[in-house]
Amino acid sequence: MEINIQQVSKYYSDVLALDNVSLDIADGELFFLLGPSGCGKTTLLRCLGGFEQLSKGKIFFAGKDVSNVPANQRNSAMVFQGYALWPHLTVWENISFGLEMQKITKAERTRRVTEVLEKVQITDLAKRKPNELSGGQQQRVALARTLVVAPGCLLLDEPLANLDAKLRRDMRLEIRRLCKNSGLTGIYVTHDRQEALSMADRIAIMQAGKICQVGTATEIYRQPQSRFVASFIGESNILPGKCQNISSGEAVIDTACGVFRAGKFPSGLQPGSSVWLSIRPEALHSGPSQVNRLQVTLQHIDYLGEMADNISVTADGTVIKFFELNPQGTRPEGSSIELTVNPDEVVVMLE
Ligand code: ATP
C-alpha cells in the first residue's frame, strides 16, 4: 500500500510536534523515521494510524484520503513498544481477538491464526499466557497479532526497545523478513541508528518536527546534507571552511587545518560560500598522499581489539578523530602522524 503524507502539521495546544511534513512511501517499502527524542516520530506514526487528528495537511493510503478515517477503518495495524497484549488471554486468543472483532468465521480464524503462528515461529507457545513468555516471545505475539488481520501497512513504534542487544539483532532480520514476505508497507520508528541502517529500504531523519533528509542507508550515511544528519547517523569530523573553487568534479575547500578536495558537494555550490566538511573517522588513514593531507599529533588511543579509536589534534588545535581497523599495535601518544582521506569520502554541507 502506497502512503502519501502531504504537508502535515500537528499541534498539541501550542507545541508544534510536526511542522509541514511531506513524504511519499512506496508500496512494500520498509521506511524508517529516525531522530532524537521529542523530534515528532511517534506523533507522525500516530497520525498515520489514525490515533491523532491532523492540525493541517492530508494523509493518503493507496490514493485514498484517510485523514479523517478512524483508526479501526484505516487498513493499518500498530505494534507498540510495550506490546499491549491481553494478560488474561492465551497467545492464541490474543492473536485471534482482532479477527473476532471483524466477525470472521471460526474456521477462517483457525486457519489464519495457525498460519501466522507458523510465520512468526511460535506455534508451540499458543496455549501460554503473556506472563509465561520471554520479552522476545511477547514481541513475536505482538507481531503475529497485527499480521493476522492482514493490514496494508504495519506501523512499528520502537518495537525492539524492550529487548536485550542480542535479541534485538536477531529480531531486526526477522521483522524485515516478515514485512518483505508479506509484501507489507512498514513504517518503523526508532532512535537506534544501527537498527535503521541495517533494516531500512529508506530512512527519514527528523529534527524538531521537520524532515531533514530522506534516503537509503548509504545515502544518509555517506552523503549527509547537514551537520545534524552527519553527526546523528554516526561519528564525523565536522570542519568549517570556505569554497575556493570547483574543478575536475571536486570542490576545493579551505579550512583552518588545510585545503581539502571534496568529491561530494551540493549542485548549487558557489566559490566563496561558507560550508562545512564531514569526514568520517573510518575514512581517514595514515600514509603519504598528494591530496587531503593532514598532519596530526596523537592525543589519546582507545584500543578495542578489532580497531583503535584515536583522538588527535592538528597544529591549529582542530580535534580529529580517526579509526584504525585491525591495528597491529598501538602508537605512542604524542606521536606525529600524517593522515589522508580520499576526496570521495569528503562531503561538503551547506548547513
Ligand atoms: P521519543 O523518541 O522520545 O518517543 P518522539 O520523536 O517520538 O520522541 P513525540 O512523542 O512525537 O516525539 O513528541 C513530539 C513533541 O510533541 C515533543 O515535544 C512532545 O513533548 C510533544 N508531545 C507529544 N505528545 C504530546 C501530548 N499528548 N501533549 C502535548 N505534547 C505532546
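Let me begin by describing the structure that accompanies this report. Residue positions within a chain follow its written sequence, with the count starting from 1. Confidence filtering applies because this is a predicted model: local features only for residues at pLDDT of at least 70, side-chain atom pairs given and counted only at 80 or more, and all residues used for totals across whole chains, interfaces and linings. Excluded from the side-chain calculations are hydrogens and water; all other atoms, namely the structure's heavy atoms, are used.

This brings us to the side chain of Lys-10. With respect to the secondary-structure elements, Lys-10 resides in strand S1 (residues 3–12). Each residue is placed in one exposure class: buried if its accessible area under a 1.4 Å probe, protein chains only, is under 20% of its type's maximum, exposed if it is over 50%, and partly exposed if it falls in between. Residue class for Lys-10 comes out buried when judged on its relative accessible area of 8%. Strands are runs of DSSP state E lasting at least two residues, helices are runs of H or I lasting at least four, and both sets are numbered from the N terminus onward.

We now examine the packing of helix H2 (residues 91–101) against helix H4 (residues 135–147). Close contact between H2 and H4 brings their axes to 8 Å; oriented N to C, the two are set at 30°. When the axis of H2 is compared with that of H4, the two are roughly parallel. Considering how the two elements wind past one another, H2 and H4 form a crossing that is right-handed. Judged by residue contacts, Val-91, Asn-94 and Ile-95 of H2 engage Val-141, Ala-144 and Arg-145 from H4. The residue makeup of the contact of H2 with H4, split by class, is four nonpolar, one polar and one charged. To obtain an axis, a line is fitted to C-alpha atoms, over the contacting stretch when the element is a helix, and the angle between two such axes runs from 0 to 180 degrees between their N-to-C directions. To sort the angles, those under 35 degrees are grouped as roughly parallel, those over 145 as roughly antiparallel, those from 65 to 115 as roughly perpendicular, and the leftovers as oblique. Crossings are assigned a handedness: left-handed for a near helix turned anticlockwise from the far helix by less than a right angle, right-handed for a clockwise turn. Whether two residues are in contact is decided by their heavy atoms, any of which lying within 4.5 Å being enough. Side-chain classes are defined by residue name, with Ala, Val, Leu, Ile, Met, Phe, Trp, Tyr, Cys and Pro counting as nonpolar, Asp, Glu, Lys and Arg as charged, and the others, Gly among them, as polar.

Attention shifts here to the packing of aromatic side chains. For this analysis, a ring pair means two rings from Phe, Tyr or Trp (six-membered ring only for Trp) whose centres lie within 6.5 Å, classed as stacked if their planes differ by under 30 degrees, edge-to-face if by over 60, and tilted for the remaining angles. Inspection of the entire model under this criterion finds three aromatic pairs. The interplanar angle of 15° and the centroid separation of 5.7 Å between the aromatic rings of Phe-228 and Phe-232 together place this pair among those described as stacked. In this pair, Phe-228 and Phe-232 are both assigned in helix H8 (residues 227–232), four residues apart and thus about one turn of the helix distant. Since its relative accessible area comes to 22%, Phe-228 is described here as partly exposed. By definition, being over a ring means that NZ of Lys or CZ of Arg is both within 6 Å of the ring centre and within 35 degrees of the ring normal. Over the aromatic face of Trp-276 sits the side chain of Arg-227, whose NZ or CZ is 3.8 Å from the ring centroid. Between the NZ or CZ atom of Arg-280 and the centre of the ring of Tyr-221, over which it lies, the distance is 4.1 Å.

Pairing between two strands is assigned when DSSP locates at least 2 bridges connecting them. Direction of pairing for S1 relative to strand S4 (residues 56–61): antiparallel, over a ladder of five bridges. Across the sheet, residue Gln-6 finds its bridge partner in S4, namely Lys-58. As judged from the two bridges shared by S4 and strand S5 (residues 64–65), these two strands associate in the antiparallel manner. Counted as the bridge partner of Phe-60 is Asp-65 from S5. Where S4 folds back onto S5 in an antiparallel hairpin, the turn is made up of two residues, including Ala-62, whose phi is positive at roughly 45°.

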